[in-house]
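# Topology and contacts: notes
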Amino acid sequence: MSTFLDIRDAIIKRLNTTTAAVIAISTLVGMGFTIGKFYGDVTSKGEIMELKNKHTLEIIELRNANTFEVLDLKKRINLLEIDNEKRKK
């Protein structure tokens, strides 16, 4: 009878260690996938932010160029108006 109990305890211990190993391995694999997905999301968001920053800088440069062009054209219009008034006199 004691042999049966010893065998039963040995089987339960082996199942417990095997179950613990399977749980540990599946946990590590799951953590690996989770970390990989997190890293992918972070790098993707970083790339998106970099593209947005480049786009924003391009818009600012275009706006500045257009502002300078508008100011130059206003200056020319004022000079032409002054010349026109001088010619009328």
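Residues numbered from 1 in each chain as written. Predicted model: local features only at pLDDT ≥ 70, side-chain atom pairs only at ≥ 80, totals over all residues. Heavy atoms only, no water.

## Observations concerning the overall build of the protein chain
- Broken down by element type, the protein chain carries one helix and zero strands.
- For the protein chain, whose C-alpha radius of gyration is 38 Å, the value lies well above the compact-globule estimate of 12 Å for 89 residues.
- Accessible surface for the protein chain amounts to roughly 8600 Å². Of this, 66% is attributable to carbon and sulfur atoms.
- For the protein chain, the distance from the average site of its 15 positive side-chain charges to the average site of its 12 negative ones is 3 Å. (Helix = DSSP H or I, 4+ residues; strand = E, 2+ residues; numbered from the N terminus. Rg over C-alpha atoms; globule rule 2.2 N^0.38 Å. Areas by Shrake-Rupley, 256 points an atom, 1.4 Å probe, with all protein chains shown as cover. Lys, Arg positive; Asp, Glu negative; His and termini not counted. Charge placed at Lys NZ, Arg CZ, Asp CG, Glu CD.)

## Regarding the pattern of salt bridges
- Under the counting rule described, the total for this entry stands at three salt bridges.
- The salt bridge partner of D41 is K37, with a shortest N-O separation of 3.4 Å. Of this pair, D41 and K37 both sit in helix α1 (residues 2–88), separated by four residues, roughly a single helical turn.
- The exposure class of K37 is exposed, given its relative accessible area of 55%. (Salt bridge = Lys/Arg side-chain N within 4 Å of Asp/Glu carboxyl O. Buried < 20%, exposed > 50% of the residue type's maximum accessible area, 1.4 Å probe, protein only.)

## With respect to the environment of T67
- By the secondary structure assignment, T67 is in helix α1.
- Residue classification places T67 among the partly exposed positions, given a relative accessible area of 39%.
- In this structure, the C-alpha to C-alpha distance between T67 and Y39, residues 28 residues apart in sequence, is 42 Å.

## Notes on the environment of L5
- Position of L5 among the secondary structure elements: in helix α1.
- Separated by 53 residues in sequence, L5 and E58 have C-alpha atoms that sit 78 Å apart.

## Concerning a nonpolar patch on the surface
- A grouping of I7, I11 and L15 is seen on the molecular surface, where their side chains present a nonpolar patch of about 290 Å² in accessible area.
- Mapped onto the elements of the fold, I7 is located in helix α1.
- With a relative accessible area of 47%, I7 lands in the partly exposed category. (Patch = residues over 30% accessible without salt bridge, like charges linked within 9 Å, V, L, I, M, F, W, Y side chains within 5 Å.)

Treat this as a map of the structure, not an account of what it does.
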